[in-house]
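# Observations on chain architecture
Each chain, written out:
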Amino acid sequence: MKKITLLLLICCSLHILAQKKLEIEIDNPEPRVGQKVTLSINMDFLNEYLKKELGKNINVTGSPSIFGMSSEDFQRVIIFEKAKTYNIGPFDFEFNGKTYTTNTMEVNVLPKLPIENGLWLRQTEFEGQHYLILEQLISNTSNKTENENGGYSETIGGVMPEGKEFAELNEDLTQGIQLSNYSSATNSVTPDDAKSYSVGFSYTIKKYKITFDEDYKGEYLISESDFINLPTKFDIGNIKLNK
């Protein structure tokens, strides 16, 4: 019996060693319901395989994207339809006689924002990294214009009023804490029950990585002075940064 148990342990260990580990990544550490999230799996091994099979005189580059950029990752856009915590992975598959497996990722999905003027700031931790996520909605105005032929042109959802700017955080918060704005996006949104050509809102999301100096101690409370272009209507809450 002991010999059989030992043999099973050896077989299991060899199977684990034979597996190639791949990393899952997403571009939003804490998305909301309905937001598009890009899920990536590093596929460098496929690039190396193609180089080997195609030969010396063929250059293998990354995959083209609609923005003209390239990537060696497998990417898909996913949308979460319910607010809860999801476990993504592990994914297992075989390629060219080798077994590949991915890590497991826990993703916390939040409810949708109310479609109204406002600013929302939150702190989250994802895969050991601390983040600040800043979101804002500003009501648009119509830019409808008539032309000489009696027709007109208009941007669906409207445009952000002239003179309005989105808020942002100062990246040098205080001695020992730095922010880096690693990702941001802007688009127009309208309520689900809005009619065609209804004027909506301009939405932005900015994601900041938080970096603490090694010798930093204590905590820092985010205040109004840490913002640029802070609107009159806001609620930044009571956000304290510490290691």
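Let me begin by describing the structure that accompanies this report. Sequence order as written defines the numbering, with residues in each chain counted from 1. Since the coordinates come from a predicted model, pLDDT governs what is reported: local features require at least 70, and pairs of side-chain atoms require 80 or more to be given and counted, while whole-chain, interface and lining totals use all residues. Based on all heavy atoms of the structure, the side-chain values leave hydrogens and waters out of the count.

### Focus on the overall build of the chain
Each helix is a run of DSSP H or I of at least 4 residues and each strand a run of E of at least 2, with the numbering of both proceeding from the N terminus. For the chain, the count of helices and strands is two helices and 21 strands. Burial classification: accessible surface area is computed with a 1.4 Å probe over protein chains only, and a residue below 20% of its type maximum counts as buried, one above 50% as exposed, and the rest as partly exposed. The proportion of buried residues among the 243 residues of the chain is 31%. Residue contacts follow a heavy-atom distance rule, with two residues in contact if any of their heavy atoms lie within 4.5 Å. Taking the intrachain contacts of the chain between residues at least 6 apart in sequence as the baseline, contacts between residues at least 24 apart amount to 62%. Residue exposure ignores everything except the shown protein chains as possible cover, and the areas themselves are Shrake-Rupley values with a 1.4 Å probe. Only carbon and sulfur atoms are counted for the fraction: they give 50% of the accessible area of the chain, which is about 16,200 Å².

### Regarding the packing of aromatic side chains
In summary, the pairing rule links any two rings of Phe, Tyr or Trp, Trp by its six-membered ring, whose centres are within 6.5 Å, and it sorts them by plane angle into stacked for under 30 degrees, edge-to-face for over 60 and tilted for everything else. For the coordinates displayed, the defined rule picks out four aromatic pairs. When the centroid spacing of 4.7 Å and the interplanar angle of 45° are considered together, the rings of Phe80 and Tyr86 count as tilted. We count a charge as sitting over a ring when the NZ of a lysine or the CZ of an arginine lies within 6 Å of the ring centre and within 35 degrees of the ring normal. One Lys or Arg, Lys209, reaches over the ring of Tyr182 and ends 5.3 Å from the middle of that ring.

### Observations concerning the sheet that holds strand β11 (residues 118-126)
DSSP bridges decide pairing: two strands pair if at least two such bridges lie between them. Across the sheet, which stays open at both edges, the five strands sit in the order β11-β12-β18-β17-β16 with antiparallel pairing between neighbours. For this open sheet the edge positions go to β11 and β16 (172-174), each flanked by a neighbour on one side alone. For this sheet the average axis-to-axis angle between neighbouring strands, irrespective of direction, equals 25°. Of the strand pairs in this sheet, β16 and strand β17 (residues 177-189) are connected by two bridges, and their pairing is antiparallel. Between N-to-C directions, angles span 0 to 180 degrees; the directions come from axes that are lines fitted to C-alpha atoms, helices contributing only their stretch in contact.

### Let's talk about unusual backbone geometry
Gly89 connects to Pro90 through a cis peptide bond whose omega is 0°. Mapped onto the elements, Pro90 comes out in the loop between β7 (85-88) and β8 (92-95). One non-glycine residue, Glu127, adopts positive backbone phi at about 55°. With respect to the element layout, Glu127 can be found in the loop between β11 and β12 (129-139). Glu127 sits in the exposed class, given a relative accessible area of 53%. Despite not being glycine, Asn229 shows a phi value in the positive range, around 60°.

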